[in-house]
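# Structure at a glance
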Amino acid sequence: MDDSELKEILLTLVTPNQNHLTLPSNVKGWSEQSEEPVCYWSGITCDPIDNSLIGLNLGNGFWTETLLGLSQTDEDDTARHYQDRLLDYEEIKDLYLHKNRKTLDSIHARKQRNLQKGEAAAGPTFPSALGKIKTLRFINLSANQIQGPIPKSITDLPNLEIFDVTQNDIIGAFPDFQSDSLMVLDISKNRFYGAIPKHLFGHPEIGDDTAPYLKSIVKFDISHNGFNYTIPLNGDSGFYDKEAQTETVLKNLQYFDLGYNLLTGTIPNNIGNFASLQGLFLENNRLVGTIPKVLYRGSGIGANPLPLVQLFLQGNMLSGTLPSGLAQLPNLKELYVDGNKLTGTIAPAICNKGLNEVFVNDEADHDLCDNVVCPANSISFEGVAPCTRCEEDGSDFRRYLGQRDKECRPKLSEVEILDLFFDHTHGEEWLDQRYFWKAGSPACQRPGIECSDSGKVTSIRLPSLGLRGPLMSELGFLSELHSLDLSDNFITGFVPSEFRFVDKLIDFDIKGNELQGGIPVLLCITEGINSNGVGPKGTNFDLLYSCDNIACARGTYSDFGHAIVPTEEDADGSQCVPCYDDEAQFFIGRDSCTDISIGMLQFRQDDIRHVAVYTTLALFTSAFIIHLVIMARRRKKYVLSENEDSSSQHQDPFPLQRQDSPLSVEDDEYEEYSDDDWTAADSETGTLAKKEGRDYSAIELADILPTIA
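Rules used in this analysis
- Residues numbered from 1 in each chain as written.
- Predicted model: local features only at pLDDT ≥ 70, side-chain atom pairs only at ≥ 80, totals over all residues.
- Heavy atoms only, no water.
- Patch = residues over 30% accessible without salt bridge, like charges linked within 9 Å, V, L, I, M, F, W, Y side chains within 5 Å.
- Areas by Shrake-Rupley, 256 points an atom, 1.4 Å probe, with all protein chains shown as cover.
- Salt bridge = Lys/Arg side-chain N within 4 Å of Asp/Glu carboxyl O.
- Lys, Arg positive; Asp, Glu negative; His and termini not counted.
- Charge placed at Lys NZ, Arg CZ, Asp CG, Glu CD.
- Helix = DSSP H or I, 4+ residues; strand = E, 2+ residues; numbered from the N terminus.
- Buried < 20%, exposed > 50% of the residue type's maximum accessible area, 1.4 Å probe, protein only.
- Phe/Tyr/Trp six-rings, centres within 6.5 Å; stacked < 30°, edge-to-face > 60°.
- Lys NZ or Arg CZ within 6 Å of the ring centre and 35° of its normal.
- Pairing = 2+ DSSP bridges.
- Disulfide = S-S within 2.5 Å.
- Polar contact = N/O pair within 3.5 Å; in protein donor to acceptor, adjacent residues only side chain to side chain.
- Contact = heavy atoms within 4.5 Å.
- pLDDT = per-residue confidence, 0-100.

### Here we look at a negative patch on the surface
- Together, Asp2, Asp3, Glu5, Glu8 and Glu32 make up a negatively charged patch on the protein surface.
- Its place among the elements puts Glu32 in the loop between α1 (3-11) and β1 (44-46).
- Glu32 gets classed as exposed once you look at its relative accessible area, which sits at 56%.

Spelled out as structure tokens, the structure:
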């Protein structure tokens, strides 16, 4: 591609503003009148050998502010954290792979304020013309107010090594990049949404959406977006080396940032395979379960602790204790676990590592452990030092490490808990007003509530009453509760892990609601809930202790909304089975499925309905076409018979001696459309009658990036 062609492509980025914008004197090129070769334009990098264009560095607002004359929507933009000037291609390799919690927390807070104000960037769409420059290896368009999706012409670029579009207004599903040499992928602080492709990392098998850059990727940052569902890293992948018991890809990955999304499920054990990982950022999602040991043990034969420098896990729903093994991480400098549901104490070995000094930056005399996370029965605005100790009053709220609060809240009474529950589930709109609870009324006198002789709440039964709102964690503070039935309502949110503290809870019915995420792991191993862990001798352990016993996972269902533990030896009980309708894919605890099973195949009811409509249309269309052909055939016969009658006056008086004459043109045309030759398959609508079923059986960058010529 010659210089004139490159110039024509690049000027499409700025042409609309050329007539009314004067570029600063220090900006080279970017105008029709410029005589500078493209390789000398500001923000452009070319290969020193063949002068091909390999780098486009218009980030940090340079494209929209300088070249287009647009102003930033947020003047106090601390997210522009790289440089106040343009970086050339070589300087990009010197960017330090480090995440600053203070900066990122302020960005998130400001982003929420802007959303509440309804602010939206008035920027350009992504420049798809860049996709014509196949030699591009580096694109930086960060902080440019870009709107809309990333064009396919960009994701198809074959030589991309660095792609940075952080802090824009780009929208869409996860982009499908085709370069097998991509080292830096940064799409953070945009509006991407949906699930991360389940085969992106080759787990549990290699699929069409498996990334081709798994062997080259160094930095993977999709933080501050709207990605949901789980992290697709569970199970052995197609890249798993069984002999070495480790993965053969993602060995170069050093920076893995999924923070500030809507991800659910647990932290995958496969992260222990990322032998070069220095920064793991999973903060402010909806992750449950415990902190896996592989983070400090590694994974595979002869594995060593991961070289983690930063580990951000704050703001999730993780439970269990803070593993003392994290002290074994030799390079660890920052560890954040506040805002979870961790219990216990902090191991002295962790405290003595002197962690989080950059964030805490507090010269006051306090326990080093407070720098990591505030202890139980204390509060802090950010969950770390400075921590305020609270009085010992048995408050259930303060049993966790790193509680974020402005004041020490007192212990709630059971009446106060029920009042909160009534308000949070829009009690005044419950379908049966006989269940109206007056605030402050005795707990045991409320409809749907049963109590023990001592006046403690033992049962809450409120099925099919139109309750809507979150499943409150405070219900787990009802110490004598043994039965909770909130089935067939519109309860949203997630199942709180606090129910594991209710020792007497036996019946737990949440089927038919709109709950998402997974069941907290510690709740799955709590004995007694829905007979979890209770069964005859010889019962399969996986059936005996299972999250399905609490509620069927997304994508499955049973008639009870949960699995039933076998009551007899060698019995199967009742298990959650796959379901592919929309509600089952989104919600847990489904007790019905609109799928229809035929033989070994499972069909979605909606698909069958659509096929039925298309089949009906096809039949009517085919019948109409056949009717037209028959009518045309009768008309031809009628015309032929008239011709025979009119020519009978000139018949040969000796017909038996007359030789057969060749067919007329009209006869030949008619024969081509005989009933024997035409079928419904000849019509385009004929193919619509085929049903289509689906079978569901089944730290510096310079130190880590190679020299880029």
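### Thoughts on the packing of aromatic side chains
- According to the stated counting rule, one finds 23 aromatic pairs in the structure shown.
- A centroid spacing of 6.2 Å and a plane angle of 25 degrees characterise the contact between Phe126 and Phe163, whose relative ring orientation is stacked. Taken together, the positions of Phe126 in the loop between α4 (101-117) and β3 (138-140) and Phe163 in strand β5 (residues 162-164) put the pair 37 residues apart, joining distant regions of the chain. Each member of the pair, Phe126 together with Phe163, is buried.
- Here Lys219 stacks its cationic end above the ring of Tyr255, 4.7 Å away from the centre of that ring.

### Observations concerning the pattern of salt bridges
- A complete count under the given rule lists 14 salt bridges for this structure.
- Of the charged contacts, one joins Arg389 and Asp370 as a salt bridge, the two residues approaching to 2.9 Å between their closest N and O atoms. Of this pair, Arg389 sits in strand β21 (residues 388-389) while Asp370 is found in helix α9 (residues 368-372), placing the two residues 19 residues apart along the sequence.
- A relative accessible area of 5% means that Asp370 is categorised as buried.
- With its nearest N and O atoms 3.1 Å apart, the salt bridge here joins Arg409 to Asp405.
- Accessibility expressed as a relative area gives 38% for Arg409, which makes it partly exposed.
- Where salt bridges share partners, they join Asp47, Arg137 and Glu161 into one cluster.

### Thoughts on unusual backbone geometry
- Between Ala385 and Pro386 the backbone carries a cis peptide bond, its omega angle lying at 0 degrees.
- Secondary-structure assignment places Pro386 in the loop between β20 (378-379) and β21.
- Not every positive phi belongs to a glycine, and Leu250 is a case in point at roughly 60 degrees.
- By the element assignment, Leu250 lies in the loop between β12 (246-247) and β13 (255-257).

### As for the sheet that holds strand β8 (residues 191-195)
- Pairing within the open sheet is parallel, and its five strands lie in the order β4-β6-β8-β10-β14. Edge positions in the sheet fall to β4 (147-148) and β14 (262-264), since each of these pairs with one other strand and no more.
- As judged from the two bridges shared by β4 and strand β6 (residues 169-172), these two strands associate in the parallel manner. Along β6, the bridge assignment pairs Gly148 with Ile170.

### With respect to the sheet that holds strand β26 (residues 490-493)
- Read across the sheet, three strands follow the order β24-β26-β28 without closing on themselves; strand pairing throughout is parallel. With partners counted over all chains shown, the strands left at the sheet margins are β24 (468-470) and β28 (514-515), one partner each.

### Section: the pairing of strand β10 (residues 226-230)
- Sheet topology places β8 next to β10; three bridges connect them, and they run parallel. The residue of β10 that forms the bridge with Tyr193 is Gly226.

### Concerning the state of the cysteines
- Enumeration according to the criterion identifies eight disulfides in this entry.
- Put simply, Cys374 and Cys387 are joined by a disulfide, and their sulfur atoms are 2.0 Å apart. Disulfide Cys374 to Cys387: torsion about the S-S bond roughly -85 degrees, handedness left-handed. With Cys374 in the loop between α9 and β20 and Cys387 in the loop between β20 and β21, this pair connects stretches of sequence that are 13 residues apart. Taken individually, Cys374 and Cys387 each receive the classification buried, so the pair is uniform in this respect.
- Disulfide pairing places Cys444 opposite Cys451 at an S-S distance of 2.2 Å. Disulfide Cys444 to Cys451: torsion about the S-S bond roughly -105 degrees, handedness left-handed.
- We classify Cys444 as partly exposed; its relative accessible area is 36%.

### Brief notes about the side chain of Thr556
- Tracing the chain through its elements places Thr556 in strand β29 (residues 556-557).
- Side-chain polar atoms of Thr556 contact the backbone oxygen of Ala553, separated by 2.7 Å.
- With residues up to four places along the chain from it excluded, the contact list for Thr556 reads Cys576, Val577, Pro578, Cys579, Ala584 and Arg590.

### Concerning the confidence of the model for the chain
- Residues of the chain with pLDDT of at least 70 account for 75%, and the chain-wide mean is 80.
- Low confidence marks residues 74-96, where pLDDT is under 50. Its contacts with residues over four positions away, or in another chain, come to 58 contacts.
- Contacts of residues 647-709 to residues separated by more than four positions or lying in other chains number 72 contacts, the stretch itself having pLDDT below 50.

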